[in-house]
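# A look at the structure
Below, each chain spelled out in residue letters.
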Amino acid sequence: MSASPHLAWLEGRLLPACDAKLSFMDQGLHYGLGVFEGIRAYAVPGGRSIFRLDDHLDRMAAGGALLGMDIDRDALAGGIADVLRANELGDAYIRPIAWLGDGQGLKLDVNAMRTRHAVAALPLATHLTAAAQARGMWLQTSTYRRNHRDSIPPMKLCGAYVNSVLSKRAAMLAGFDGSLFCDGELVCEATAENLFIIKDGELIAADHPDALPGITRKTLITLTGATSRPVTRAELFDADEVFLCGTSAEVLPVTRIDDRIWPAGAITRELAATYADLVRGRDTTRLDWLTIIEDQRLKGVA
Ligand code: PMP
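As a starting point, this report considers the structure included with it. This structure is a prediction, so every number in the text was calculated from the model and none was measured. (Residues numbered from 1 in each chain as written. Predicted model: local features only at pLDDT ≥ 70, side-chain atom pairs only at ≥ 80, totals over all residues. Heavy atoms only, no water.)

Across its full length, the protein chain carries eight helices and 17 strands. In terms of C-alpha radius of gyration, the protein chain reaches 19 Å, essentially the compact-globule figure of 19 Å for 302 residues. Over its C-alpha atoms, taken along the principal directions, the protein chain stretches across nearly 55 × 50 × 35 Å. A total of 302 residues make up the protein chain; the buried ones form 49% of that total. In the protein chain, the share of contacts with a sequence separation of at least 24, taken over all contacts with a separation of at least 6, comes to 70%. A total accessible area of about 13800 Å² is found for the protein chain, and carbon and sulfur atoms account for 55% of it. Across the protein chain, the mean location of the 32 positive side-chain charges is 4 Å away from that of the 38 negative side-chain charges. (Helix = DSSP H or I, 4+ residues; strand = E, 2+ residues; numbered from the N terminus. Rg over C-alpha atoms; globule rule 2.2 N^0.38 Å. Buried < 20%, exposed > 50% of the residue type's maximum accessible area, 1.4 Å probe, protein only. Contact = heavy atoms within 4.5 Å. Areas by Shrake-Rupley, 256 points an atom, 1.4 Å probe, with all protein chains shown as cover. Lys, Arg positive; Asp, Glu negative; His and termini not counted. Charge placed at Lys NZ, Arg CZ, Asp CG, Glu CD.)

Moving on, we get to the pattern of salt bridges. Within the structure shown, the criterion is met by 22 salt bridges. A salt bridge links D55 to K218; the nearest nitrogen and oxygen atoms lie 3.4 Å apart. Here D55, found in helix α2 (residues 53-66), pairs with K218, found in helix α6 (residues 215-224); they are 163 residues apart in sequence, far enough to count as distant. Of the residues examined, D55 reaches a relative accessible area of 19% and is grouped as buried. Among the residues examined, K218 registers a relative accessible area of 41% and is labelled partly exposed. (Salt bridge = Lys/Arg side-chain N within 4 Å of Asp/Glu carboxyl O.)

This part covers the packing of aromatic side chains. Within the structure shown, the criterion is met by five aromatic pairs. Between F36 and Y161, the ring centres sit 5.0 Å apart and the planes meet at 65°, which makes this aromatic pair edge-to-face. In this pair, F36 sits in strand β3 (residues 34-36) while Y161 sits in helix α5 (residues 161-173), placing the two residues 125 residues apart along the sequence. Exposure remark for F36: the relative accessible area of 8% places this residue in the buried category. Aromatic side chains F51 and Y275 sit 5.8 Å apart centroid to centroid with 80° between the ring planes, which places their arrangement in the edge-to-face category. Taken together, the residues span a long stretch of sequence, with F51 in strand β5 (residues 47-51) and Y275 in helix α8 (residues 266-279) at a distance of 224 residues. This pair shows no difference in class: F51 is buried, exactly as Y275 is. Aromatic ring contacts, followed pair by pair, group F51, Y275 and W289 into a single cluster. Of note, R286 hangs over the ring of W289, and the distance from its end group to the ring centre comes to 3.9 Å. (Phe/Tyr/Trp six-rings, centres within 6.5 Å; stacked < 30°, edge-to-face > 60°. Lys NZ or Arg CZ within 6 Å of the ring centre and 35° of its normal.)

This is a description of form; function is not addressed.
Below you can see the structure in the form of structure tokens.
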């Protein structure tokens, strides 16, 4: 159960998120000059376990480096532990963020700007709607293109997500759960997930240079030996099963793209169960992927 009000971490201090004072003259707000992560923690006896924390912090540091940011990984890791404990969270979605700003102006020359760090965590299971979880994901092929890698590299840069929001907003207005970015005949990724297809029992992870290098995607390739290669739209529509993966979505069947419908396939369901066992520490073969944050006060979690 989470404490109320929600406590966030801002550069060493825990405080109600709504009381965190930031200058609206920080350039990060105006231009999306920041980098963030989406990380999951899972309740385990006596605390919670964070899945692939180091990989998330590596990706965050790599994204920040593009903007010349000095990401303090140790401070963020400490902030994450503090926030989970302060809010008594077991299952949680963790949001570390770092942004640039000197609070002094609107200039685009960021080289001398300070890197600010904060962490929030919420008892959210997922960003998906209940309908999408129950019936599988309905995707609309987006009329938007994913940010080209020569325009905004595929990292979790704050401003890059305007592209996701534009396409998701259009898809939701049309009655879908999210959108699928394609690049001509090639499949790229969904709004906040990577895509896999299954054909004749073979798992294929769609590879595209504009797609985020997903940590769940990498995990599933390691677990299953899936082939990572470009996937065409023709192959996608001919697939036996299609699924999305991501930290928040985990492994989620796609049951509709535009006017094409699939069942939630057996291989996808089995893989979803395998992944759940892994992240929740019931499968003990990859304990090196789990960071345990112990908490004696945490009660009632199995
Ligand atoms: N693509 C995009 C655009 C995303 O935002 C995410 C979520 N981080 C993913 C793919 C999946 O990445 P991960 O498995 O690392 O969460």
